[in-house]
Amino acid sequence: MHKNFKNIDKTVFGRGSFDQMDAILAEKRQENDQFILFIVDQYFKGKPLEKRIPLKKGDVILFIDVDIHEPTTEQIDHIRDSVKASHGIPAGIVGIGGGSIMDIAKASSLMFTNEGSSTLYQGLNLIKKPGVYHLGVPTISGTGAECSMTAVLTGPVKKLGLKCDWTVFNQLILDPDLIATVPRNWWFYTGMDTFIHCIESENGTLNNTYSHAYAEQALKLCREVFVNEGSGQTSANDEKLMVASLMGGLSLTYSEVGVCHALSYGLSKILGTRHCYANCVAFDHLEDYYPQGVKEFRTMVQKHQIDLPKNLSKEWTDDQITAMAEVAYNLTHMWVHAIGADWKNKITIDLIKGLYRRM
Ligand code: NAD
Ligand code: ZN
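On a predicted model such as this, the values are computed, not experimentally measured, just so you know.

S.K.: Any chance you could break down the packing of aromatic side chains for me, citing the residues and the numbers?
M.R.: Any aromatic ring pair is given by two values, namely how distant the centres are and how the planes are angled relative to each other. For the structure on display, the rule yields 15 aromatic pairs. Seen in terms of ring centroids, Phe188 and Phe297 are 6.4 Å apart; in terms of plane orientation they differ by 45 degrees. Their pairing is tilted. You can see Phe188 sitting in helix α5 (residues 184-202) and its partner Phe297 sitting in helix α10 (residues 291-303), a full 109 residues away along the chain. Relative to Trp343, the ring of Trp335 lies with its centre 6.0 Å away and its plane at 15 degrees, an arrangement referred to as stacked. Of the residues examined, Trp335 reaches a relative accessible area of 0% and is grouped as buried.

S.K.: Which residues make up the packing of α5 against helix α6 (residues 209-226), and what values go with them?
M.R.: For the pair α5 and α6, the least separation of the axes is 9 Å and the interaxial angle reads 145 degrees. Handedness of the α5/α6 crossing: left-handed. Within the contact between the two elements, α5 uses Trp187, Phe188, Gly191, Met192, Thr194, Phe195, Cys198, Ile199, Ser201 and Glu202 and α6 uses Ser211, His212, Ala215, Ala218, Leu219, Cys222, Val225 and Phe226. Split into classes, the residues belonging to the contact of α5 with α6 amount to twelve nonpolar, five polar and one charged.

S.K.: Can you tell me about the coordination of the zinc ion (ligand 2), naming the residues and giving the values?
M.R.: Looking at the metal site, the zinc ion (ligand 2) is ligated by Asp193 (OD), Asp193 (OD), His197 (NE2), His261 (NE2) and His275 (NE2), spaced 2.2 to 2.8 Å from it. Within one chain, the residues donating to the zinc ion (ligand 2) are spaced in sequence as D-x3-H-x63-H-x13-H. With Asp193 and His197 both in helix α5 and four residues apart, this pair spans about one turn of that helix. Just as Asp193 is buried, His197 falls in that class too.

S.K.: Explain the side chain of Asp59 residue by residue, including any values.
M.R.: Here Asp59 lies in the loop between α2 (48-52) and β3 (60-64). On the basis of relative accessibility, which here comes to 13%, the residue Asp59 falls in the buried class. Among residues more than four places away in sequence, those in contact with Asp59 are Arg29, Phe35, Ile36, Phe38 and Pro54.

S.K.: Outline the sheet that holds strand β4 (residues 92-97), supporting the account with residue identities and numerical values.
M.R.: Pairing is parallel in the open sheet, where six strands are placed in the order β1-β9-β6-β4-β2-β3. Edge positions in the sheet fall to β1 (10-13) and β3, since each has one partner strand and no second. Here the average twist between neighbouring strands, direction ignored, is 15 degrees. With two bridges joining them, strand β6 (residues 133-138) and strand β9 (residues 171-174) adopt parallel strand pairing. Looking at the pairing, Leu135 lines up with Gln171 of β9. Along the sheet face, helix α4 (residues 99-111) touches β2 (36-41), β3, β4 and β6 and points at about 170 degrees away from the line of β4.

S.K.: Any chance you could break down the site of ligand 1 for me, citing the residues and the numbers?
M.R.: Around ligand 1, the surrounding shell holds 29 residues, and the nearest of these are Asp67, Gly99, Ser148, Thr181 and Arg274. The separation between an oxygen atom of ligand 1 and a polar main-chain atom of Gly99 is 2.8 Å. Between ligand 1 and Ser148, the relevant distance is 2.6 Å, taken from an oxygen atom to a side-chain nitrogen or oxygen of the residue. When ligand 1 is considered free in solution it has 870 Å² of accessible area, and contact with the protein chains removes 94% of it. If you list the elements that add at least two residues to the shell around ligand 1, you get α4, β7 (150-154), α5 and α9 (275-283). The dominant element in the shell around ligand 1, judged by the number of residues it contributes, is α4, at four residues. Looking at the shell around ligand 1 residue by residue, the classes come out as twelve nonpolar, ten polar and seven charged.

S.K.: Break down the domain arrangement of the chain for me, citing the residues and quoting the values.
M.R.: Each assigned domain of the chain is listed here: domain 1 (10-179) and domain 2 (184-358). Inter-centroid distance (C-alpha atoms) of domain 1 to domain 2 is 26 Å. Buried surface at the junction of domain 1 and domain 2, both sides included, amounts to about 1,900 Å², of which 59% is carbon and sulfur. Summed over the three residues of domain 1 that lose the most area to domain 2, namely Arg15, Ser141 and Ile179, the buried surface amounts to 24% of that side. Counting across the domain 1 and domain 2 interface gives two salt bridges. Glu239 serves as the salt-bridge partner of Arg15, at 3.0 Å between the closest nitrogen and oxygen. If you look at where domain 1 meets domain 2, you find ten residue pairs in polar contact (both at pLDDT 80 or more). Of the residues that constitute the side of domain 1 that touches domain 2, the class distribution is ten nonpolar, five polar and seven charged.

Thresholds, definitions, all that
Residues numbered from 1 in each chain as written. Chains lettered and ligands numbered in written order. Predicted model: local features only at pLDDT ≥ 70, side-chain atom pairs only at ≥ 80, totals over all residues. Heavy atoms only, no water. Phe/Tyr/Trp six-rings, centres within 6.5 Å; stacked < 30°, edge-to-face > 60°. Helix = DSSP H or I, 4+ residues; strand = E, 2+ residues; numbered from the N terminus. Buried < 20%, exposed > 50% of the residue type's maximum accessible area, 1.4 Å probe, protein only. Axes fitted to C-alpha atoms, helices over the stretch in contact; angles between N-to-C directions. Left-handed = near helix turned anticlockwise from the far one by under 90°. Contact = heavy atoms within 4.5 Å. Nonpolar A, V, L, I, M, F, W, Y, C, P; charged D, E, K, R; others polar. Donors = N, O, S within 2.8 Å, 3.2 Å for Na, K, Ca; no water. Pairing = 2+ DSSP bridges. Near = heavy atom within 4 Å. Polar contact = N/O pair within 3.5 Å; in protein donor to acceptor, adjacent residues only side chain to side chain. Areas by Shrake-Rupley, 256 points an atom, 1.4 Å probe, with all protein chains shown as cover. Domains from an automatic or database assignment. Buried area = accessible area lost by both parts, 1.4 Å probe. Salt bridge = Lys/Arg side-chain N within 4 Å of Asp/Glu carboxyl O.

And the structure:
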């Protein structure tokens, strides 16, 4: 069976496109209880962008500090319950921020129409009904959360996405001006998520002409942003990175991630390390699997003078390393893609523990 892939319904791209939001929302405002719920990264509170949000009477705006923790099921349930009690069901939800806000907006959209706690729906196709209209405005580029069919949530038992066709945004507004203020280290770590998505998507059994076409273009853009002459955090490169993020995400949707993401999930799950940074920590030690990609990655780290910590594993207990290795080992679909159907002959918990010890 081939994947039957649901793409974003509509996309606007270009500088200043943020200001088209008002017109885009106008035709949606009559739905449900006729208000828009804006979910915005706390970073933008008091910044000029806040004044450009097309807030109308009756709309609700929530500012969220994404640095406290990654999105949780409890947080989503609370947003749904409190907004429902005070205002009802929104006509639409707008998420303005990075991968964390994208996931909160996507998950909230689904939870306004599906009863009970979001913990009930962590997994593939468990959602019963379409969510409310949702529009994503990414303000940091790399995760591909703007186009993925999952909204990753940490729950009491598992860290797993609400994954289905209805998770995908109805509308994206890609305005490269919005990512100009991203701090340099986040620009790099989150940007590298795209680079790694492409390397992993390309190097595995599920790679195909469709995923390859996206990855090839996204890698070309990543090299312009991070490797070639003229690289760096410039306005021209912001446009390229924004498109690379989208294309890297589309590539992996139609292929799969691999060894780095398996190890990175272990780091996030057991130590709470944030996704993009965890990927950089892990990828630096995967030359056995992605020799060319790792070589290029190291060049980029050097070129942009990014601090990647060494000897992190010295601080980890054997129990922690074992727990991380178990999380990674259980991501079967990633190993099948990266290593092949017979991956269990080649990959063992001990081997994975060895990879963590290199970090
Ligand atoms: P983020 O949303 O966690 O934000 C990172 C930091 O950048 C925060 O401090 C934020 O306030 C700041 N920031 C964002 N935009 C800014 C701007 N324009 N100017 C200044 N600061 C800005 O970043 P992320 O790396 O995009 O997202 C990570 C999250 O995405 C994780 O929760 C991860 O689980 C999730 N994720 C989801 C998917 C998916 O497919 N759904 C894929 C990968 C990662
Ligand atoms: Zn990723």
